[in-house]
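Coordinate inspection notes
One letter stands for each residue in the lines below.
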Amino acid sequence: MGVWPKPPVMSEQFAAVEIIAAKRDKYELTDPQIDWVIDAYTRGVVADEQMSALLMAILLNGMNMREISRWTDAMINSGKRMDWSMLTRPTVDKHSTGGVGDKITLPLAPLVAACGGAVPQLSGRGLGHTGGTLDKLESIPGWRASLTNEEMLHVIQSCGAVICAAGPGLAPADKKLYALRDVTSTVEAIPLIASSIMSKKIAEGTGALILDVKTGNGAFMSDPAKARELAQVMVQLGTRAGVTTRALVTAMDVPLGLTAGNALEVRESVEVLAGGGPADVVELTITLAREMLDAAGIKPLHDPADALKNGAAMDTWRAMIEAQGGDPDASLPIAKEQHIITASASGEIIEMNALDVGISAWRLGAGRERLGESVQAGAGIEIHAKPGQTITAGKPLFTLHTDEPERFERAIEALANCVRISSTGEKVERLPLILEKITG
Ligand code: URA
């Protein structure tokens, strides 16, 4: 018997090299070119080396708003969109571009839920010097980040908020692209950052979104003008997609709060939920909660400041943690070894470099170098005094925590020039906590 001839291979609509050349030569990419290249890359037809070249051309030559918007849509369409239409409360989420000691999601999600919002927080893990929400929550004994869609729905319906890992079906093109950007030095391009973040947030299906765009030495966008540009692009993308989107540009020149590291940050978040905690963490949490409730058009059941004091946010936190298998009363892990760094001089603390603290915490084992590596739950840094406070020579400035004492040397090295102390009445150099608000 003869062999049935193989069906002809459907030819692809474009050639990747032509698209790379177009962007290299500073042309705009057309909508069909963008749709095809994202789809073909997700299918494995466009090779990593071709996509790397295209990403570098985008980093160097940019994209206009139409291209960014289409690129974002193509990434959303590479997977499934989530649907929360069965919920009775309006959905609202927050996304931070990441910073050192940025644990705000932990108190914020239960706080907004306690005030009347439904918060579907699909979060990520930390990479490099910035921590990841899931890594922090995983330091709570028993807590599970991976939930089925049914479990996710159950948690949000019963608690008002769910914080969990995004499933593989959410913007899969971004997963491949983000890993490639990480190893090709193409992370820091506004079109690529904006489309990466917004494709996931739009696919997540939230009705309203508040973006916390960090600026300062510990942020992706250290220059406030660049942070504003990123915020403006993301707000436009969200608004075009029908999501009520606003952004706050906030300070990341100094670490947020008094801890950086997974379990250490959970402990501090619980202090905030108990009505205490560091003033900057409390202020940012309350400001973002009010913005979220307002953007979602929710008439709050409590003012967020009251819900931190009257136990309503804490009750929601406990319910959320329990619903995902965690024990909110369990002791949090403590690292096996501690090392105290003392102040080298007396005077006022003028500067504390957030990036240095982030790198040091990372070297202690709080973060990872490659996705997939494990992190130490107890590792990190406690900060005993911040800019604006006076300190006496020899008094503790930082306590370093790790399970592996051989990590101390490089962690201490990272902090060598982190703090400047002055006794001459010099002005403290800090960005205001909230620099500006951008609305659609
Ligand atoms: N976070 C993301 O999800 N994507 C980026 O590109 C940068 C930060």
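Residues numbered from 1 in each chain as written. Predicted model: local features only at pLDDT ≥ 70, side-chain atom pairs only at ≥ 80, totals over all residues. Heavy atoms only, no water.

Per the secondary structure count, the protein includes 16 helices and 13 strands. The globule rule puts the C-alpha radius of gyration for 440 residues at 22 Å, and the 23 Å found for the protein is close to it. Seen through its C-alpha atoms, the protein measures out along the principal axes to roughly 85 × 50 × 45 Å. Split into buried and exposed, the 440 residues of the protein put 52% on the buried side. Long-range pairs, those at least 24 residues apart, make up 79% of the contacts in the protein with a sequence separation of at least 6. Within the structure as shown, the protein displays about 18600 Å² of accessible surface, and the carbon and sulfur contribution to it stands at 52%. (Helix = DSSP H or I, 4+ residues; strand = E, 2+ residues; numbered from the N terminus. Rg over C-alpha atoms; globule rule 2.2 N^0.38 Å. Buried < 20%, exposed > 50% of the residue type's maximum accessible area, 1.4 Å probe, protein only. Contact = heavy atoms within 4.5 Å. Areas by Shrake-Rupley, 256 points an atom, 1.4 Å probe, with all protein chains shown as cover.)

Two elements in contact, helix H5 (residues 105-114) and helix H11 (residues 262-273), have axes separated by 8 Å at closest approach and are oriented at 35°. Here the hand of the crossing between H5 and H11 comes out right-handed. The segment H5 lies against H11, with Leu 106, Pro 107 and Pro 110 engaging Val 266, Ser 269, Val 272 and Leu 273. Considering only residue class, the contact of H5 with H11 consists of six nonpolar, one polar and no charged. (Axes fitted to C-alpha atoms, helices over the stretch in contact; angles between N-to-C directions. Left-handed = near helix turned anticlockwise from the far one by under 90°. Nonpolar A, V, L, I, M, F, W, Y, C, P; charged D, E, K, R; others polar.)

All right, on to helix H3 (residues 48-61) then. In an α-helix there are 3.6 residues to a turn, and that puts residues three or four apart on one side. Over its 14 residues, H3 runs 20 Å from end to end, which matches the ideal 20 Å to within 8%, given 1.5 Å per residue. Here H3 has its buried residues at Met 51, Ser 52, Leu 54, Leu 55, Ala 57 and Ile 58. In the core, the buried residues of H3 are packed alongside helix H1 (16-24), helix H2 (31-43), helix H4 (65-77), helix H8 (172-184) and helix H9 (190-203). Looking one or two places after H3, you find Gly 62, whose phi comes out positive at around 75°. (Expected span 1.5 Å × (residues − 1).)

Evaluated as defined, the whole model comprises one aromatic pair. Over the aromatic face of Tyr 41 sits the side chain of Lys 176, whose NZ or CZ is 4.2 Å from the ring centroid. The side chain of Lys 200 reaches across the aromatic face of Tyr 178, ending 5.7 Å from its centre. (Phe/Tyr/Trp six-rings, centres within 6.5 Å; stacked < 30°, edge-to-face > 60°. Lys NZ or Arg CZ within 6 Å of the ring centre and 35° of its normal.)

On to the environment of Gly 132, then. With respect to the element layout, Gly 132 can be found in the loop between strand S2 (119-123) and helix H6 (133-137). Linking Gly 132 and Ala 366, residues 234 residues apart in sequence, is a C-alpha distance of 9.8 Å. Once residues within four sequence positions are removed from consideration, Gly 132 is found in contact with Gly 124, Arg 125 and Gly 126.

In this fold, His 129 is placed in the loop between S2 and H6. With relative accessibility at 24%, the residue His 129 sits in the partly exposed group. With 31 residues separating them in the primary sequence, His 129 and Gly 98 have C-alpha atoms 9.4 Å apart. For His 129, the residues in contact, after removing those within four places along its chain, are Val 100, Gly 218, Leu 355, Gly 358, Ile 359 and Trp 362.

As a further point, take the sheet that holds strand S4 (residues 208-215). Taken together, four strands build an open sheet; the order of strands is S1-S4-S5-S13 and the sheet is mixed. The sheet terminates laterally at strand S1 (92-96) and strand S13 (434-439), the two strands that pair on one side only. This sheet shows a mean twist of 15° between the axes of neighbouring strands, independent of strand direction. Of the strand pairs in this sheet, S1 and S4 are connected by five bridges, and their pairing is parallel. (Pairing = 2+ DSSP bridges.)

This next bit is on unusual backbone geometry. At Lys 26, a position not held by glycine, the phi torsion is positive, near 70°. Assessed through its relative accessible area of 64%, Lys 26 is described here as exposed. Within the chain, Ala 171 stands out as a residue other than glycine whose phi angle is a positive 45°. If you trace the backbone, Ala 171 turns up in the loop between strand S3 (161-165) and H8. A relative accessible area of 1% places Ala 171 in the buried class.

For the ligand, the full set of nearby residues is Tyr 178, Arg 181, Ile 193, Ser 196, Ile 197, Lys 200 and Phe 220. Between the ligand and the protein, one listed contact pairs a nitrogen atom with a side-chain N or O atom of Ser 196 at 2.6 Å. In this structure, Lys 200 approaches the ligand through a side-chain N or O atom, which is 2.4 Å from an oxygen atom. Look at the ligand: alone it shows 230 Å² of surface, and the protein chains cover 91% of it. (Near = heavy atom within 4 Å. Polar contact = N/O pair within 3.5 Å; in protein donor to acceptor, adjacent residues only side chain to side chain.)

With that settled, the discussion passes to the side chain of Asp 253. Relative to the elements of secondary structure, Asp 253 occurs in the loop between strand S5 (244-251) and strand S6 (259-260). It turns out Asp 253 is buried and unbridged, and the closest side chain with the opposite charge, Arg 430, is 4.9 Å from it. Polar side-chain contacts of Asp 253 include one of 2.8 Å to the backbone nitrogen of Leu 431. Setting aside its immediate chain neighbours within four residues, Asp 253 contacts Thr 215, Gly 216, Asn 217, Met 352, Asn 353, Ala 354, Glu 429, Arg 430 and Leu 431. (Lys, Arg positive; Asp, Glu negative; His and termini not counted. Salt bridge = Lys/Arg side-chain N within 4 Å of Asp/Glu carboxyl O.)

So, about the pairing of S4. Buried residues dominate S4, accounting for eight of its eight residues. The side-chain alternation of S4 yields two buried faces, one formed by Ala 208, Ile 210, Asp 212 and Lys 214 and the other by Leu 209, Leu 211, Val 213 and Thr 215. In the sheet, S4 pairs with S5 via eight bridges, with the strands oriented parallel. When the bridges of S5 are listed, Asp 212 appears paired with Leu 248.

Partitioning the protein into domains gives domain 1 (16-62), domain 2 (92-330) and domain 3 (337-422). Each of domain 2 and domain 3 was reduced to a C-alpha centroid, and the two centroids are 24 Å apart. Listed as interface residues are 26 residues of domain 2 and, on the opposing side, 27 residues of domain 3. Both faces considered, domain 2 and domain 3 share a buried interface measuring about 1900 Å² in area, 61% of it formed by carbon and sulfur atoms. (Domains from an automatic or database assignment. Buried area = accessible area lost by both parts, 1.4 Å probe.)

Further remarks concern the nonpolar core. Ranked by size, the top nonpolar core spans 136 residues in total, and within it Met 51, Trp 71, Val 357 and Phe 398 carry the most contacts. Per element, the largest residue contribution to this core is nine residues, and it comes from helix H12 (residues 279-295). Apart from residues lying up to four places away in sequence, Val 357 is in contact with Val 100, Pro 255, Ala 260, Met 352, Ile 381, Ile 383, Phe 398, Leu 415 and Cys 418. (Core = buried A, V, L, I, M, F, W, Y, C linked by side-chain atoms within 4.5 Å.)

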